[in-house]
Amino acid sequence: MSTPRRSVPVNRTGLIPVWFPPLAMIVVVLLGLVLARQSGAITGLYAVVFTVVAVVTTAIVDIRGLFVTVAAQPLWWFVGSFVIGISSLGQSATTAGRKTAVLTAAYPIVEKYPWLLGAVALSIIIALLRWLPDRKALEKERRRLATSRRRSASVDARNIATVRRARGLDSPDPTGD
């Protein structure tokens, strides 16, 4: 009997493991911290880098990590932008009131929200374009394996019947006694 051939979609195993996208987002947030220290505010470059990293990691992550990669992007955006906003306030955060500091730090999150929206929309499209063919290929593989199991069970049943007949174990009694 030949070994079953398995058809696994090309995109099933990505170029990067599941743990890499969160690590890449941490690097993006650290880059945003450096940029904010230099300019005193969250820059557009941070938003561009965030969008590019979000889309690229979605495109090349292992298929098991698609959901987590896409679903975590808004979390990375809000937490990262807030941390960057707080750190860019510097000394003014201590002199201003607590509410003012929080609102000032949170303002860039809302101001640059279209970047997040674009990144998540593109990531969802890419994830769906990778997931749908994979799902179809896995369903095809499941059907092929089920057919193979049915065929094997049928052959086994015929073999058992043949052995029983050859050994004279078939009894005319329908109860099998």
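Residues numbered from 1 in each chain as written. Predicted model: local features only at pLDDT ≥ 70, side-chain atom pairs only at ≥ 80, totals over all residues. Heavy atoms only, no water.

A.B. asks: How do you make sense of the overall build of the protein chain when you look at a structure like this?
C.D. replies: Tallying secondary structure elements over the protein chain gives 7 helices and 0 strands in all. In the protein chain, the order of α-helices and β-strands from amino to carboxyl end is α-α-α-α-α-α-α. Looking at the protein chain as a whole, 31% of its 177 residues are labelled buried. Counted over contacts in the protein chain with a minimum sequence separation of 6, partners at least 24 positions apart contribute 80%. For the protein chain, the accessible area works out to roughly 11,800 Å², and carbon and sulfur atoms hold 68% of it. (Helix = DSSP H or I, 4+ residues; strand = E, 2+ residues; numbered from the N terminus. Buried < 20%, exposed > 50% of the residue type's maximum accessible area, 1.4 Å probe, protein only. Contact = heavy atoms within 4.5 Å. Areas by Shrake-Rupley, 256 points an atom, 1.4 Å probe, with all protein chains shown as cover.)

A.B. asks: Any chance you could explain the pattern of salt bridges here in plain terms?
C.D. replies: Oppositely charged side chains may form a pair once their charged atoms are brought near each other. Applying the stated criterion to the full structure yields 4 salt bridges. One salt bridge connects Arg142 with Glu139, and the closest N-O pair in it is separated by 2.4 Å. With Arg142 and Glu139 both in helix 7 (residues 113–167) and 3 residues apart, this pair spans about one turn of that helix. Taking the relative accessible area as the measure of exposure, Arg142 reaches 45% and is therefore partly exposed. Residue Glu141 pairs with Arg144 through a salt bridge whose shortest N-O separation is 2.9 Å. A residue pair is termed a helical-turn pair when its members lie 3 or 4 positions apart in one helix, as Glu141 and Arg144 do in helix 7 at 3 residues. In this structure Glu141 comes out as buried when scored by relative accessible area, which is 8%. Residue classification places Arg144 among the partly exposed residues on the basis of a relative accessible area of 32%. One connected set of salt bridges, linked through shared partners, spans Glu139, Arg142 and Arg143. (Salt bridge = Lys/Arg side-chain N within 4 Å of Asp/Glu carboxyl O.)

A.B. asks: I tried to follow the environment of Val18 on my own but got confused; where do I start?
C.D. replies: Mapped onto the elements, Val18 comes out in the segment before helix 1 (20–39). On a C-alpha basis, the gap between Val18 and Ile60 in space is 9.9 Å, while along the polypeptide they are 42 residues apart. Ignoring anything within four residues of it in the chain, the contact list for Val18 reads Val61, Asp62, Arg64 and Gly65.

A.B. asks: Help me understand helix 2 (residues 44–60) in this model?
C.D. replies: Every α-helix winds through 3.6 residues per turn, so residues three or four apart in the chain are directed the same way. Between its first and last C-alpha, helix 2 extends 25 Å over 17 residues, near the 24 Å set by a 1.5 Å rise per residue. Tyr46, Ala47, Phe50, Thr51, Val53, Ala54, Val55, Thr57 and Thr58 are the residues of helix 2 that are buried. Where the residues of helix 2 are buried, they touch helix 1, helix 3 (66–71), helix 4 (73–89) and helix 7. (Expected span 1.5 Å × (residues − 1).)

A.B. asks: Which parts of the structure should I look at to understand a nonpolar patch on the surface?
C.D. replies: Taken together, the side chains of Leu45, Val48, Val52, Val56 and Trp115 define a hydrophobic patch exposed on the protein surface, amounting to about 410 Å² of accessible area. Top contributing element to the nonpolar patch by residue count: helix 2, with 4 residues. When you line up the elements, Val56 lands in helix 2. (Patch = residues over 30% accessible without salt bridge, like charges linked within 9 Å, V, L, I, M, F, W, Y side chains within 5 Å.)

A.B. asks: Before we go on, may I ask you to explain the environment of Tyr46 in this structure?
C.D. replies: Its place among the elements puts Tyr46 in helix 2. C-alpha of Tyr46 to C-alpha of Leu33: the two residues are 13 residues apart in sequence and 9.1 Å apart in space.

A.B. asks: Would you mind going over helix 6 (residues 98–111) with me for this structure?
C.D. replies: Helix length check: helix 6 (14 residues) gives 20 Å between terminal C-alpha atoms against 20 Å at 1.5 Å per residue, within 8%. Where helix 6 bends most, at Ala105, the angle is about 25 degrees, and the proline Pro108 comes one to four residues later. Among the residues of helix 6, those classed as buried are Ala101, Ala105, Pro108 and Ile109. (Bend = angle between axes of the 7 residues up to and from the residue.)

A.B. asks: Looking at this model, I keep getting lost on the layout of surface pockets. Mind explaining?
C.D. replies: In this approach a probe as big as a water molecule rolls over the atoms, and the regions it shows empty are the leftover space. Approximately 150 Å³ is the volume found for the largest pocket. Lining the largest pocket are 10 residues, and of these Leu66, Phe67, Val70, Ala127 and Trp131 lie nearest its centre. Secondary structure elements with two or more residues in the lining of the largest pocket: helix 3 and helix 7. No other element matches the 4 residues that helix 7 contributes to the lining of the largest pocket. When the residues that make up the lining of the largest pocket are grouped by side-chain class, the tally is 7 nonpolar, no polar and 3 charged. (1 Å grid on protein atoms, 1.4 Å probe; cavity = no way out; pocket = protein on both sides within 12 Å on 5 of 7 lines; lining within 4 Å. Points joined across faces, edges and corners; volume = space filled by probe spheres on them. Nonpolar A, V, L, I, M, F, W, Y, C, P; charged D, E, K, R; others polar.)

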